[in-house]
Amino acid sequence: MHKNKDGIYIYNQDAYRGIKKACEIASKTLDMIGQYVVPGVTTEELDKKCHDFMLSHNSVPATLGYRGYPKSCCISLNHVVCHGIPGDKRLKNGDILNIDVTCILDGWYGDTSRMFTVGNIGLRSKRLIEITHDALILAINSVTPGNTFGDLGAIIQEYVEKNKMSVVRDFCGHGIGSEFHQAPNVLHYGIQNSGPKLESGMCFTIEPMVNIGRPETKILSDNWTAVTRDKSLSAQFEHTVFVKKEGCDILTLSYNNTFFPDGAKLHRNNV
């Protein structure tokens, strides 16, 4: 592997295989946890199950101890945008939550997140989840050599804003592979034909955060948890993708077809 002129790693096939294996464990962790997302369970209990699953598959949770982060995954509930710290909060009917896991396997990183629903959720929540998911997929469909990172952000922003919602500006996707966070920053808003061009061998996450209300966020006193300033609901989906000569591979596909939450009662497939 080597870096291109923009400082972005271009990975070879050996690296691809290593990253893919790490991504498989991350995906299977989220496949596993879905059955436990029920009313009454605490986010701490969900974190423990994710932690144990990753370890049982010979991988290490990348978030545990990362810059002082205390848990093995991030669980972001309702108006929490990202980096929610698992604790004694009990899930209740109508909640929506994002669970974000990153695995380290043999020195390679795999990162993914998806939305989960608790019991019967409201129509606005369902719509938010649908728009966020589809914005991610629209961007992934445009990942091919020659397009730009600005193209990806513009596609997400246009779709979300057309549906009267907002894209969070304060957080972004990132390069990933031999490290947790690498160049480039993958913005979820932007201008067509701007930014570095995509090249075969690049690996990065796309992980749009979408709010029903305004895009502004604030960080709570724990220095991690990001919430919407207007307390509106927020949703996020994340895939790790690897650019090929044509198109890309989604490395974090669900193995039991649950990337999109059944509780939303919407017709979506594996991606």
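Residues numbered from 1 in each chain as written. Predicted model: local features only at pLDDT ≥ 70, side-chain atom pairs only at ≥ 80, totals over all residues. Heavy atoms only, no water.

### Examining the sheet that holds strand β5 (residues 80-82)
Convention followed: Pairing between strands is defined by DSSP: at least two bridges between them are needed. The numbering of helices and of strands both runs from the N terminus, where a helix is a DSSP run of H or I of at least 4 residues and a strand a run of E of at least 2. Note on definitions: angles span 0 to 180 degrees between N-to-C directions of axes, and those axes are lines fitted to C-alpha atoms, for helices only across the stretch in contact.
Spatially, three strands are ordered β5-β14-β13 in an open sheet, and the strand pairing comes out antiparallel. One side of each edge strand has no neighbouring strand; the edge strands of this open sheet are β5 and β13 (217-219). Within this sheet the neighbouring strands show an average axis-to-axis angle of 40°, counted without direction. Bridge analysis of β13 against strand β14 (residues 226-228) gives three bridges, and the strand direction is antiparallel. Paired with Ile219 across the strands is Ala226, a residue of β14.

### Side note on the sheet that holds strand β15 (residues 234-236)
Our working definition: We call two residues in contact whenever any of their non-hydrogen atoms come within 4.5 Å of each other.
Taking strand neighbours across the sheet as the criterion, the three strands line up as β8-β12-β15 in an open arrangement whose pairing is antiparallel. Edge positions in the sheet fall to β8 (166-167) and β15, since each of these pairs with one other strand and no more. Pairing between β8 and strand β12 (residues 209-211): two bridges, direction antiparallel. Counted as the bridge partner of Ser166 is Asn211 from β12. The strands that helix α3 (residues 123-140) touches are β12 and β15; relative to β15, the one it contacts most, it runs at about 35°.

### Describing the environment of Ser234
Threshold: N or O atoms within 3.5 Å of each other form a polar contact, as long as, within protein, one can give a hydrogen and the other can take it, and as long as residues adjacent in sequence are counted only when both atoms are side-chain atoms.
Among the secondary structure elements, Ser234 is positioned in strand β15. Each C-alpha atom, one on Ser234 and one on Tyr66, is 24 Å from the other, the two residues being 168 residues apart in sequence. Not counting chain neighbours up to four residues away, the residues in contact with Ser234 comprise Asn78, His79, Val80, Val81, Ile96, Met115, Leu128, Val210, Asn211 and Thr228. Among the polar contacts listed, one links the side chain of Ser234 to the side chain of Asn211, at a separation of 2.7 Å.

### Some details on the packing of α3 against helix α4 (residues 149-162)
For clarity, the threshold we go by: Any angle that falls under 35 degrees is termed roughly parallel, while one over 145 is termed roughly antiparallel, one within 65 to 115 roughly perpendicular, and all others oblique. Helix crossings fall into two classes, left-handed where the near helix is turned counterclockwise from the far one by less than a right angle and right-handed where it is turned clockwise. Three classes are used: nonpolar for Ala, Val, Leu, Ile, Met, Phe, Trp, Tyr, Cys and Pro, charged for Asp, Glu, Lys and Arg, and polar for all others, with Gly counted as polar.
Interhelical geometry of α3 versus α4 gives an angle of 150° and a closest axis separation of 9 Å. Taken together, the axes of α3 and α4 lie roughly antiparallel to each other. Once α3 is placed against α4, the crossing between them reads as right-handed. The segment α3 lies against α4, with Ile131, Asp134, Ala135, Leu138 and Ala139 engaging Leu152, Ile155, Ile156, Tyr159 and Val160. Here the contact of α3 with α4 is built from residues that sort into nine nonpolar, no polar and one charged.

### Considering unusual backbone geometry
Using the following cut-off: Only protein chains enter the area calculation, which uses a 1.4 Å probe; residues under 20% of their type maximum are buried, those over 50% are exposed, and those in between are partly exposed.
Residue Pro184 is reached from Ala183 by a cis peptide bond, and omega for that bond is 0°. Among the structural elements, Pro184 can be located in strand β10 (residues 182-186). Its identity is not glycine, yet Asp106 carries a phi of approximately 55°, on the positive side. Looking at the element boundaries, Asp106 is found in the loop between β6 (96-105) and β7 (108-117). A relative accessible area of 70% places Asp106 in the exposed class. The backbone phi angle of Lys164 is positive, close to 65°, even though this residue is not glycine. Following the sequence through the fold, Lys164 ends up in the loop between α4 and β8. The exposure class of Lys164 is exposed, given its relative accessible area of 71%.

Taken by themselves, the reported measurements are silent on function.
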